[in-house]
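# Summary of structural features
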Amino acid sequence: KTNLIYWAGFTPSLEQGRVNNIPNIEVEYYFIKRYSLSIDAVYTPLVRKNEGTEWRYIDGFAVEPRVRLSNKNNDKSNFRGIYTGFYGITGEFDFMYPPLGNYGYTGSYYGAGISLGVVFPLIKGLALEAGLRGGYRIDNWESYEAKDGSCYYMDSGSQRGFKLQGLRLNIVYRFGGKI
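So, a few notes on the structure that sits alongside this text. The structure displayed is predicted, hence computed values, not measured ones.

The number of helices and strands found in the protein is one helix and eight strands. Across the 179 residues that make up the protein, the buried fraction comes to 41%. For the protein, the proportion of contacts with a sequence separation of at least 24, taken over those separated by at least 6, is 59%. Accessible area for the protein stands at about 9,900 Å²; split by element, carbon and sulfur atoms hold 61% of it.

For the rest of this paragraph, the subject is the environment of Lys147. Within the secondary structure, Lys147 sits in strand β7 (residues 126-147). Lys147 sits 45 residues away from Asn102 along the chain, and the two C-alpha atoms are 7.2 Å apart.

What follows is about the environment of Glu92. Examined against the element boundaries, Glu92 turns out to sit in strand β5 (residues 81-96). In the structure, Glu92 is positioned 34 residues away from Ile58 in sequence and 5.7 Å away in space, judged by C-alpha atoms.

Along the chain, Gln165 falls in strand β8 (residues 150-173). Of note is the side chain of Gln165, whose polar atom sits 3.1 Å from the backbone oxygen of Gly135.

To continue, consider the pattern of salt bridges. Opposite charge on two side chains lets them pair, provided their charged atoms get close. Taken as a whole and judged by the stated rule, the model has 16 salt bridges. Note that Lys1 is salt-bridged to Glu28, the shortest N-O span being 2.2 Å. Remark: Glu28 occurs in strand β2 (residues 24-31) and Lys1 occurs in the segment before β1 (2-3); sequence separation between them is 27 residues. Like Glu28, Lys1 is buried. Measuring nitrogen to oxygen at the nearest pair gives 3.2 Å for the salt bridge that ties Arg66 to Glu26. Highlighted residues: Arg66 in strand β4 (residues 54-68) and Glu26 in strand β2, separated in sequence by 40 residues. This pair shows no difference in class: Arg66 is buried, exactly as Glu26 is.

One ladder, built from 16 bridges, connects β5 with strand β6 (residues 103-121); its direction is antiparallel. If you follow Gly91 over to β6, its bridge partner there is Tyr109. Judged from the 19 bridges that link them, β6 and β7 form a sheet pairing that is antiparallel. From the neighbouring strand, Gly113 faces β7, where its bridge partner is Gly135. Connecting the antiparallel pair β6 and β7 is a turn made up of four residues, with Gly125 showing a positive phi of about 85 degrees.

Our next topic: the packing of aromatic side chains. This model, assessed by the stated rule, comprises six aromatic pairs. A centroid spacing of 6.0 Å and a plane angle of 80 degrees characterise the contact between Tyr43 and Tyr57, whose relative ring orientation is edge-to-face. Residue Tyr43 is located in strand β3 (residues 35-49), and its partner Tyr57 is located in strand β4; the two are separated by 14 residues in the primary sequence. Ring plane angle 65 degrees and centroid distance 5.1 Å describe the contact between Tyr136 and Phe162, whose orientation is recorded as edge-to-face. Pair noted here: Tyr136 is in strand β7 and Phe162 is in strand β8, with a separation of 26 residues, a long-range link. We classify Tyr136 as partly exposed; its relative accessible area is 32%. By relative accessible area, which is 72% here, Phe162 ends up exposed.

Turning our eyes to something else, we now look at the nonpolar core. Among the nonpolar cores identified, the biggest contains eleven residues, and these are Tyr6, Ile22, Val42, Ile58, Ala62, Tyr87, Ile89, Phe93, Phe95, Tyr109 and Trp141. Looking at this core, the elements that each hand over two or more residues are β4 and β5. If you tally residues by element for this core, the top one is β5, at four residues. Not counting chain neighbours up to four residues away, the residues in contact with Tyr87 comprise Val63, Glu64, Gly111, Ala112, Gly113, Ile114, Ser115, Arg133, Gly134, Gly135 and Gln165.

What counts as what
- Residues numbered from 1 in each chain as written.
- Predicted model: local features only at pLDDT ≥ 70, side-chain atom pairs only at ≥ 80, totals over all residues.
- Heavy atoms only, no water.
- Helix = DSSP H or I, 4+ residues; strand = E, 2+ residues; numbered from the N terminus.
- Buried < 20%, exposed > 50% of the residue type's maximum accessible area, 1.4 Å probe, protein only.
- Contact = heavy atoms within 4.5 Å.
- Areas by Shrake-Rupley, 256 points an atom, 1.4 Å probe, with all protein chains shown as cover.
- Polar contact = N/O pair within 3.5 Å; in protein donor to acceptor, adjacent residues only side chain to side chain.
- Salt bridge = Lys/Arg side-chain N within 4 Å of Asp/Glu carboxyl O.
- Pairing = 2+ DSSP bridges.
- Phe/Tyr/Trp six-rings, centres within 6.5 Å; stacked < 30°, edge-to-face > 60°.
- Core = buried A, V, L, I, M, F, W, Y, C linked by side-chain atoms within 4.5 Å.

Listed below in C-alpha cells is the structure:
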C-alpha cells in the first residue's frame, strides 16, 4: 500500500503544511478470517529550499491491528468494506519556515488511538482504501533560530492532546487471495 495524501506532500498530522512529497509504504498481513495487522512508515529526507532558509524533515512508524466489521461470511479472502482498529505511532520532525522568521522546531512525537476506514475493490488485486486516525498524541519539541549557518537553541516544550493524527487514501495491491 501507499498513501496518496503523503505523496501529495501533506504531513501525517496535516499541521505543518505541505512539503514536496513524503515517500511512504504500508504492509498489511491478513489472518484469522477478519483480522489483520498493518505496519506503515513515512520518511522524507531533509528538504532544503531557498538556499537553506527553509527545510522540512519528517519520519514516522505506526502499528495498527484491525478487524473487518463487514466481513459477514468470515471469508479470509474477503478483506474489504469497513474496518476499525487501534494504533501506536512514533516519529521525528524538523521544520523551519521563513514566514515565521528564521525560527524552526525539531523534536519527536508518539501517540495511540483508534482508526476507522473502508476498502473498495477496484480490479483484480487492486483496491482503494480511505480512512482516518485519531487519538492522544505527545509532541516533544525544541525551537531554534537559524542564523549565519548555525542553529541556536531557544526554547523547549511539549504539546499533548487528542487530535486527528492522519488521513489515508491508499492504493492497495494484495498479493495472494482476493480483494
